[in-house]
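Reading the structure
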Amino acid sequence: MILSIANNWNDAREKHSIFLEELIHGFIVNQDTHQKFPFAASDFLLRIKSKLISCSAQDLLDCNNEFDKEVQNLGKLAEPLLIEPLKILFNYDDFCKKKKSWDAYDLCKKSQIRTCPYCNQAFAFTLQPIPKGRGFRPTLDHFYDKARYPHLALALNNLIPSCSTCNSSLKNIIDFNTIPHLNPLFDQENIRFSFSTTNPTLLQKRIELGRITGLKIRASEVIPCEKTRNSLDTFMIEERYDMVMQEAIEFAASKILYNDLKKEMILPIIFTNEQTILRFDRSKYKNYILGKLYADIYDLLS
């Protein structure tokens, strides 16, 4: 995880909560009146309903622990009495279909982040389908795998707007419940980028000359922790950021040039705005592709 997106779903929370409330209520009423669904799933939902909707970090963990206990108690009956009914109820594939009611496109339209928080290398825009049916949105990663935890398939704070590379190619089915990772919706940013070279004294000169050979981009923990190490490894952060060395060098060279011109006081008055020259606003780094990388380079050279 590169970016923290703690308030990302603020604009969607009310509607999504109503959506889940109605979904769960309909399930329970249908069972009570027609006994179409097994009671195990209904009882489980009644126990976790408030936590499933409030959806704090601890709530999600509590729901998972409750689910694991229920599966263990039911034994061989867990699949037909609990797991399958939950998969039918919290049907993510159905949620992804464009409908008149609340769906994945409506949810993603409320997302506030512009880039994938796991890598900060891809945009996460949403364009709702037009009458011809064309549109796009970011993939929604289930931080806790929906196949393993079907009760969280539609839980708001279990849905991370992300790119397909991070979601499908790299994370895939890694169990974040047993292998802890940084959660963009709950954790603070804890990865810092810097340049690594065998001769640090020549770093600025190499940047000014645009010489990439011998330079690497290092992604390190700000505060050492298992979550950060796992995130760096799972999403191949250093390997992927070495591939954007050219962009890093060009931005660093622009920052160095601005610093030099400002120091010598030879900047034309029209170009005194640093944001204009760098094409980057440090205070809004989350809005940019590679924004965290640029922000760390900016701080390094300031």
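For the structure itself, look to the data block above.
In this report, we go over the structure that sits alongside the text.

**Some points on the overall build of the chain**
When its secondary structure is counted, the chain shows 13 helices and 4 strands. Structurally, the chain occupies a C-alpha span of about 80 × 45 × 30 Å along its principal axes. Residues counted as buried form 45% of the 302 residues belonging to the chain. Pairs at least 24 residues apart make up 69% of the contacts formed inside the chain by residues separated by at least 6 positions. Accessible surface for the chain amounts to roughly 15,700 Å². Of this, 53% is attributable to carbon and sulfur atoms. For the chain, the distance from the average position of its 39 positive side-chain charges to the average position of its 37 negative side-chain charges is 5 Å.

**Overview of unusual backbone geometry**
The backbone phi angle of asparagine 120 is positive, close to 60°, even though this residue is not glycine. Backbone geometry at asparagine 172 places phi at a positive 55°, although glycine is not the residue there. Locating asparagine 172 in the fold gives a position in the loop between helix H7 (164–171) and strand S3 (191–197). Relative accessible area serves as the criterion here: at 49%, asparagine 172 is assigned to the partly exposed category.

**Side note on the packing of helix H2 (residues 39–54) against helix H3 (residues 57–74)**
Where H2 contacts H3, the axes come no closer than 9 Å and their chain directions differ by 170°. Considering the angle they form, H2 stands roughly antiparallel to H3. For the pair H2 and H3, contact is made by Ala40, Phe44, Arg47, Ile48, Lys51, Leu52 and Ser54 and by Asp59, Asp62, Cys63, Glu66, Phe67, Glu70 and Leu74, respectively. Split by residue class, the contact of H2 with H3 holds 7 nonpolar, 1 polar and 6 charged.

**Some points on empty space enclosed by the protein**
Where empty space is left in the structure can be found by rolling a water-sized probe over the atoms. All told, the structure shown has 1 cavity of 30 Å³ or more when counted by the stated rule. Volume-wise, the largest cavity comes out at about 30 Å³. Lining the largest cavity we find Arg13, His16, Ser17, Leu20, Leu52, Ile53 and Leu156. Those elements giving two or more residues to the lining of the largest cavity turn out to be helix H1 (13–34) and H2. A total of 4 residues in the lining of the largest cavity trace back to one element, the largest contributor, which is H1. A per-class count over the lining of the largest cavity returns 4 nonpolar, 2 polar and 1 charged.

**Quick word on the state of the cysteines**
Throughout the structure, instances matching the rule amount to 0 disulfides. Considering cysteine sulfurs only, cysteine 55 is the nearest to cysteine 63, which forms no disulfide, with 7.4 Å between them. Lacking any disulfide linkage, cysteine 166 is separated from the closest cysteine sulfur, that of cysteine 163, by 3.6 Å. A residue is classified by how much of its surface remains accessible, and cysteine 166, at 0% relative accessible area, is buried.

**A look at the nonpolar core**
Phe90, Leu107, Tyr118, Phe193, Phe195, Tyr241 and Leu293 are the most contacted members of the largest nonpolar core, which totals 83 residues. In this structure tyrosine 241 touches Ile2, Cys119, Asn120, Gln121, Phe193, Ile217, Leu290 and Leu293, once residues within four positions along its chain are discounted.

**Description of the pattern of salt bridges**
Inspection of the entire model under this criterion finds 13 salt bridges. Its salt-bridge partner being glutamate 70, residue arginine 47 comes within 2.8 Å of it at the nearest N-O pair. Taken together, the positions of arginine 47 in helix H2 and glutamate 70 in helix H3 put the pair 23 residues apart, joining distant regions of the chain. Since its relative accessible area comes to 40%, arginine 47 is described here as partly exposed. Connected through salt bridges with shared partners, the residues Arg47, Glu66 and Glu70 form a single ionic network.

Rules of the game
Residues numbered from 1 in each chain as written. Predicted model: local features only at pLDDT ≥ 70, side-chain atom pairs only at ≥ 80, totals over all residues. Heavy atoms only, no water. Helix = DSSP H or I, 4+ residues; strand = E, 2+ residues; numbered from the N terminus. Buried < 20%, exposed > 50% of the residue type's maximum accessible area, 1.4 Å probe, protein only. Contact = heavy atoms within 4.5 Å. Areas by Shrake-Rupley, 256 points an atom, 1.4 Å probe, with all protein chains shown as cover. Lys, Arg positive; Asp, Glu negative; His and termini not counted. Charge placed at Lys NZ, Arg CZ, Asp CG, Glu CD. Axes fitted to C-alpha atoms, helices over the stretch in contact; angles between N-to-C directions. Parallel < 35°, antiparallel > 145°, perpendicular 65-115°, else oblique. Nonpolar A, V, L, I, M, F, W, Y, C, P; charged D, E, K, R; others polar. 1 Å grid on protein atoms, 1.4 Å probe; cavity = no way out; pocket = protein on both sides within 12 Å on 5 of 7 lines; lining within 4 Å. Points joined across faces, edges and corners; volume = space filled by probe spheres on them. Disulfide = S-S within 2.5 Å. Core = buried A, V, L, I, M, F, W, Y, C linked by side-chain atoms within 4.5 Å. Salt bridge = Lys/Arg side-chain N within 4 Å of Asp/Glu carboxyl O.

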